[in-house]
Amino acid sequence: MKNVNTSNIISNREKKRESYIQKINNALAKTEKITTRDLVIFTQNFYLLKKANFNNIHALNTIINSTENYIFKGILEDILAGVQAGENMYTTMEYYSDVFPYVYINMIRVGELSGSLTNSLKQAIKYLDDSADINKKLRNILIPNVIQFVALLVMLVVGTLVAIPAIQNVFEQVGSTDQLPTVTIWFKNFLDSLMLYWYVPTAIIAAIAIGIVAYINTPKGKYNFDYFKYTMPIFGKLVFALDFSRIVKAMLLNLNNGMRIQEALEVSKNISKNYVMLSLIETSINNILIGQSWIEPFEKSGLPSAMISEMLKVGMETDLSEMMEKLVEYMEIDINNLMDTIMKVLPQVVYSIVGVVLIFFVLVVLVPCLHLYMGTFLFSAAGF
């Protein structure tokens, strides 16, 4: 007993106790999800520490110690291990694409390869904030109207299947010769056929969905689908403006760090996952190799506005970096204007769809109900 070191026994007990606590925390962590808020807080903290001249290892260690989400903490520890082993942060982030968005990863990639990680983190914060704002605005517009739309559809179907047969039964019992509106009879017959042969429309819809997915998974289908994203009504111009704005910001970081235009395009192209944008950038790089204008593919595509093309042309003749800074400012204003336009147009489109369903509901269900309530069918039952 005299030879026993009591301090070792106490420390071993503490380690054992900590392991039990860690097991409990790990068990609880399995039900914990990584939210956008966790990612925003991490990016903000990392940006502030980099501004304070922390190196990546020191900054990650500091953030890990203050991270409450155990799953996210484990991911950050994995990123730290990669950095300590000499890898870039974005390399490990690519393994966690379900946590870090594609655009976010490539913003970090551009920052690490160009030596401007602080600026990339600043852009990543703005990207996350803008995405959250857009999603919030769209939810506020769509969710109430979608609920109304679904409620009207349910009322339409239930009213047709329950109320219309009851009204027909009343007409038959009193011997009335009045008939339900043609549209009501047609819709009821349609629902009856749909319920009887439900497997036919189900098979058609499934075949169409499978065919569309299979086509999109082909190179040509993916390209056409991505082109549709840039040209579709309402959202098309905004989607292209956001993608092109991120490309320009990434190029600006690379140009400010001494890269040539070709290298800046090569490093920045992965910011976008759109095949159309990638093909335009690849064509621009090939144009540079053969001595032609790298702006020409974008101009011929007709996707950027004339203002953007002219600003890039003037930048090539004067100072491209300075002109790109002005272009970034212009595109931010343009994106805000597009967002304001969408927020004005989208409610009108949604209200129009809901209005059409409401009118159809009135014609199919409410008109027969009012006819029954007014009792005019009794005249024909009495022979008048």
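These lines cover the structure that appears in this document, whether it is placed above or below. Since the model is a prediction, treat every value here as computed from it, not as a measurement. (Residues numbered from 1 in each chain as written. Predicted model: local features only at pLDDT ≥ 70, side-chain atom pairs only at ≥ 80, totals over all residues. Heavy atoms only, no water.)

This paragraph deals with the overall build of the chain. Across its full length, the chain holds 17 helices and zero strands. In the chain, once contacts between residues fewer than 6 apart in sequence are set aside, the share between residues at least 24 apart is 64%. (Helix = DSSP H or I, 4+ residues; strand = E, 2+ residues; numbered from the N terminus. Contact = heavy atoms within 4.5 Å.)

With 55 residues, helix H16 (residues 320–374) extends 76 Å between its outermost C-alpha atoms, agreeing within 8% with the 81 Å of an ideal straight helix rising 1.5 Å per residue. Of all the bends in H16, the largest measures some 40 degrees and sits at Leu366, one to four residues before the proline Pro368. The N-terminus of H16 is capped by Asp319, whose side-chain oxygen sits 3.2 Å from the backbone nitrogen of Ser321. (Expected span 1.5 Å × (residues − 1). Bend = angle between axes of the 7 residues up to and from the residue. Polar contact = N/O pair within 3.5 Å; in protein donor to acceptor, adjacent residues only side chain to side chain.)

Bringing unusual backbone geometry into the picture now. If you check the backbone angles, Asn53 has positive phi at about 70 degrees while not being a glycine. Within the fold, Asn53 resides in the loop between helix H2 (36–51) and helix H3 (56–66). Non-glycine residue Ile234 carries a positive phi angle of around 70 degrees. Topologically, Ile234 is positioned in the loop between helix H10 (219–231) and helix H11 (236–256).

With that settled, consider the side chain of Ser268. With respect to the secondary-structure elements, Ser268 resides in helix H12 (residues 261–268). Only 2.6 Å separates the side chain of Ser268 from the backbone oxygen of Ala264, close enough to count as a polar contact.

As a further point, take the nonpolar core. Within the largest apolar cluster, 67 residues are counted, with the highest numbers of intra-cluster contacts made by Phe42, Phe100 and Trp294. A total of nine residues in this core trace back to one element, the largest contributor, which is H11. Filtering out sequence-adjacent residues up to four positions away, Phe42 remains in contact with Leu60, Ile63, Phe72, Leu76, Met89, Met93, Phe100 and Tyr104. Grouped together as the second largest cluster of nonpolar side chains are 15 residues, Leu152, Leu238, Val354 and Val357 included. (Core = buried A, V, L, I, M, F, W, Y, C linked by side-chain atoms within 4.5 Å. Buried < 20%, exposed > 50% of the residue type's maximum accessible area, 1.4 Å probe, protein only.)

Its location among the elements puts Tyr47 in helix H2. Of the residues examined, Tyr47 reaches a relative accessible area of 15% and is grouped as buried. Taking the C-alpha atoms as reference, Tyr47 lies 5.9 Å from Thr118; in sequence the two are 71 residues apart. Leaving out residues up to four positions away in the same chain, Tyr47 has contacts with Thr118, Leu121, Lys122 and Ile125.

Think of it this way: side chains of opposite charge can pair up when their charged atoms draw near. Going through the model one piece at a time under the given rule, you end up with 13 salt bridges. The salt bridge involving Glu282 is made with Lys269; its shortest N-O contact spans 2.5 Å. Note that Glu282 is positioned in helix H13 (residues 275–289) and Lys269 in the loop between H12 and H13, a separation of 13 residues in sequence. Accessibility expressed as a relative area gives 31% for Glu282, which makes it partly exposed. In this structure Lys269 comes out as buried when scored by relative accessible area, which is 13%. Each member of the salt-bridge network shares a partner with another, and the members are Lys222, Asp226 and Lys229. (Salt bridge = Lys/Arg side-chain N within 4 Å of Asp/Glu carboxyl O.)

With that settled, consider the packing of aromatic side chains. Evaluation of the coordinates by the stated rule reveals 14 aromatic pairs. With centroids separated by 5.1 Å and ring planes inclined at 85 degrees, the aromatic side chains of Tyr230 and Phe240 adopt a geometry described as edge-to-face. Of this pair, Tyr230 sits in helix H10 while Phe240 sits in helix H11; the two residues are ten residues apart in sequence, bridging distant segments of the chain. Among the residues examined, Tyr230 registers a relative accessible area of 3% and is labelled buried. A residue is classified by how much of its surface remains accessible, and Phe240, at 5% relative accessible area, is buried. Between Phe240 and Phe244, the ring centres sit 5.6 Å apart and the planes meet at 15 degrees, which makes this aromatic pair stacked. (Phe/Tyr/Trp six-rings, centres within 6.5 Å; stacked < 30°, edge-to-face > 60°.)

Judged by side-chain polarity, Leu142, Val146, Val150, Val154, Val157, Val158, Leu161, Val162 and Met195 come together as a nonpolar surface patch covering roughly 710 Å² of accessible area. Among the elements that line the nonpolar patch, the one with the most residues is helix H7 (residues 117–174), at eight residues. Among the secondary structure elements, Leu161 is positioned in helix H7. (Patch = residues over 30% accessible without salt bridge, like charges linked within 9 Å, V, L, I, M, F, W, Y side chains within 5 Å. Areas by Shrake-Rupley, 256 points an atom, 1.4 Å probe, with all protein chains shown as cover.)

It is the contact of H7 with H16, at a shortest axis distance of 8 Å, that shows an interaxial angle of 10 degrees. Considering their axes alone, H7 and H16 lie roughly parallel with respect to each other. (Axes fitted to C-alpha atoms, helices over the stretch in contact; angles between N-to-C directions. Parallel < 35°, antiparallel > 145°, perpendicular 65-115°, else oblique.)

With that out of the way, let us pick up the environment of Ile281. Positionally, Ile281 belongs in helix H13. Once the C-alpha coordinates of Ile281 and Glu266 are considered, the two residues, 15 residues apart in sequence, prove to be 8.0 Å apart. Beyond its immediate stretch of four places on either side in the chain, Ile281 contacts Ile247, Leu265, Lys269 and Phe298.

What follows deals with the packing of helix H15 (residues 306–317) against H16. One can describe the packing of H15 onto H16 by two numbers: an axis separation of 8 Å at closest approach and a directional angle of 160 degrees. In terms of axis orientation, H15 runs roughly antiparallel to H16. Where H15 crosses over H16, the handedness of that crossing is right-handed. Residues Met307, Ile308, Met311, Leu312, Val314, Gly315 and Met316 of H15 lie in contact with H16, whose contacting residues are Leu320, Met323, Met324, Lys326, Leu327, Tyr330 and Met331. Looking at the contact of H15 with H16 residue by residue, the classes come out as twelve nonpolar, one polar and one charged. (Left-handed = near helix turned anticlockwise from the far one by under 90°. Nonpolar A, V, L, I, M, F, W, Y, C, P; charged D, E, K, R; others polar.)

Below, the discussion takes up the environment of Phe244. Counting through the fold element by element, Phe244 comes out in helix H11. For Phe244, a relative accessible area of 3% gives the class buried. Linking Phe244 and Pro304, residues 60 residues apart in sequence, is a C-alpha distance of 8.4 Å.

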